[in-house]
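One-letter residues, chain by chain:
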Amino acid sequence: MTLRDQLHRDGYILLRQAIPADWLDALRDAFDAGSRPSHEWPLPRRADWLHSLLDTDPTIQAVCRLPAVLAAVGALIGERFFLSQVEGRDPLPGGGYQRLHRDMWVERPGDSIAAMAYFDDYGPENGATRLIPGSHRIEAIDLDDETPAIQLSGHAGDVLVFDVDLVHGASLNPSGARRRSILAGYSAERTYASLQQTEHLRNVRMDTRERFEPADFTLP
């Protein structure tokens, strides 16, 4: 089975140490500098998370354009795509829990992909992501059944790329340790007009006009 076949079967790939180690301090600084309380966002964010407005930072943008990330995104979307949004997230001590859920595609299943890039080590102790492999291909699924879910763990510099239809959710941060990350959204070009209409609500400040061709990138 090729890596591409595995990616389509599982609905995600965890790219270990995809971010150069010498970028991490700058990325953490960008996250902390952009942190905003819930009430300062156009649509209030959850109070048990720290959210960061950082989408115009050049190092953040470089992470979103890492060739391995774009290769995985392109393999899943399967057509010309663009970077639609980037936001920083960090679960506060005792917070961060999410029920298992799916995010929404725009016009067709598979047209929206997410990438979560970790700036701190992550695992059960600080609320790492849970997911159900292959669940993006299952229409009817019990979101309250945690039995098939796995919880990720790894190190700063890892990047998780996944289909937004994949059942997933953050976990409680019991230790209070930092788990700074960015969540980047990528979408098929055909969705551009629809997503432009909500940019002000999502606090998108970056230029989203750049386009990427799946054929230009090769999976690692």
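Anything mentioned here points back to the structure above.
Not measured: the values here are computed from a predicted model.

Peer 1: What's the story with the pairing of strand β10 (residues 181-188) in this structure? I'm lost.
Peer 2: Along any regular strand, the residues point their side chains to alternate faces of the sheet. Burial of β10 is extensive: 8 of the 8 residues sit out of reach of the surface. Note that strand β4 (residues 81-91) and β10 share 8 bridges and pair antiparallel. Across the sheet, the residue bridging to Glu87 is Leu183, located in β10. As defined by bridge partners, strand β5 (residues 112-118) adjoins β10 across 7 bridges and the pair is classed as antiparallel. Following the sheet pairing, Met116 is matched in β10 by Leu183.

Peer 1: What is the right way to look at the pattern of salt bridges in this model?
Peer 2: Pairs may arise between side chains of opposite charge once their charged atoms sit close together. Taken as a whole, this structure holds 21 salt bridges when the rule is applied. A salt bridge links Asp10 to Arg9, with the nearest nitrogen and oxygen atoms 2.8 Å apart. Between Glu189 and Arg80 there is a salt bridge whose closest N-O contact spans 2.8 Å. Of this pair, Glu189 sits in the loop between β10 and α5 (192-196) while Arg80 sits in the loop between α4 (67-77) and β4; the two residues are 109 residues apart in sequence, bridging distant segments of the chain. What makes Arg80 partly exposed here is its relative accessible area of 35%. Sharing partners across several salt bridges, the network here consists of Asp25, Arg28, Asp32, Asp90, Asp120, Arg178 and Arg180.

Peer 1: It is not clear to me how the nonpolar core should be interpreted in this structure. Could you clarify?
Peer 2: One recurring pattern in soluble globular proteins is that nonpolar side chains are buried together. Residues Ile19, Val69, Val86, Val161, Ile182 and Tyr186 are the most contacted members of the largest nonpolar core, which totals 40 residues. Every element with two or more residues in this core is listed here: β1 (12-15), α2 (24-34), α3 (58-64), α4, β4, β5, β8 (159-163) and β10. When residues of this core are assigned to their parent elements, the largest contribution, 8 residues, is made by α4. Once residues within four sequence positions are removed from consideration, Ile182 is found in contact with Leu54, Ile60, Val63, Cys64, Val86, Glu87, Gly88, Ala115, Met116, Ala117 and Phe119. Counting 14 residues, the second-largest nonpolar core is a separate cluster that includes Ala128, Leu131, Leu152 and Leu160.

Peer 1: Where do I start with the sheet that holds strand β7 (residues 150-151) in this structure?
Peer 2: Two pairing modes exist for strands in a sheet, parallel and antiparallel, and in both the strands are linked by backbone hydrogen bonds. Read from one edge of the open sheet, 3 strands run β7-β6-β9, paired in antiparallel fashion. The open sheet terminates on both sides in strands that have one partner only, identified here as β7 and β9 (168-169). Bridge count between strand β6 (residues 130-131) and β7: 2 bridges; the pairing is antiparallel. Bridge pairing links Leu131 to Ile150 in β7.

Peer 1: Can you help me understand the sheet that holds β8 in this one?
Peer 2: Sheet architecture is open: 7 strands sit in the order β1-β8-β5-β10-β4-β3-β2, paired in antiparallel fashion. Each edge of the sheet is formed by a strand with only one pairing partner; in this case those strands are β1 and β2 (35-36). Note that β5 and β8 share 5 bridges and pair antiparallel. Within β8, the position partnered with Ala115 by the bridge is Val161.

Cut-offs applied
- Residues numbered from 1 in each chain as written.
- Predicted model: local features only at pLDDT ≥ 70, side-chain atom pairs only at ≥ 80, totals over all residues.
- Heavy atoms only, no water.
- Buried < 20%, exposed > 50% of the residue type's maximum accessible area, 1.4 Å probe, protein only.
- Helix = DSSP H or I, 4+ residues; strand = E, 2+ residues; numbered from the N terminus.
- Pairing = 2+ DSSP bridges.
- Salt bridge = Lys/Arg side-chain N within 4 Å of Asp/Glu carboxyl O.
- Core = buried A, V, L, I, M, F, W, Y, C linked by side-chain atoms within 4.5 Å.
- Contact = heavy atoms within 4.5 Å.

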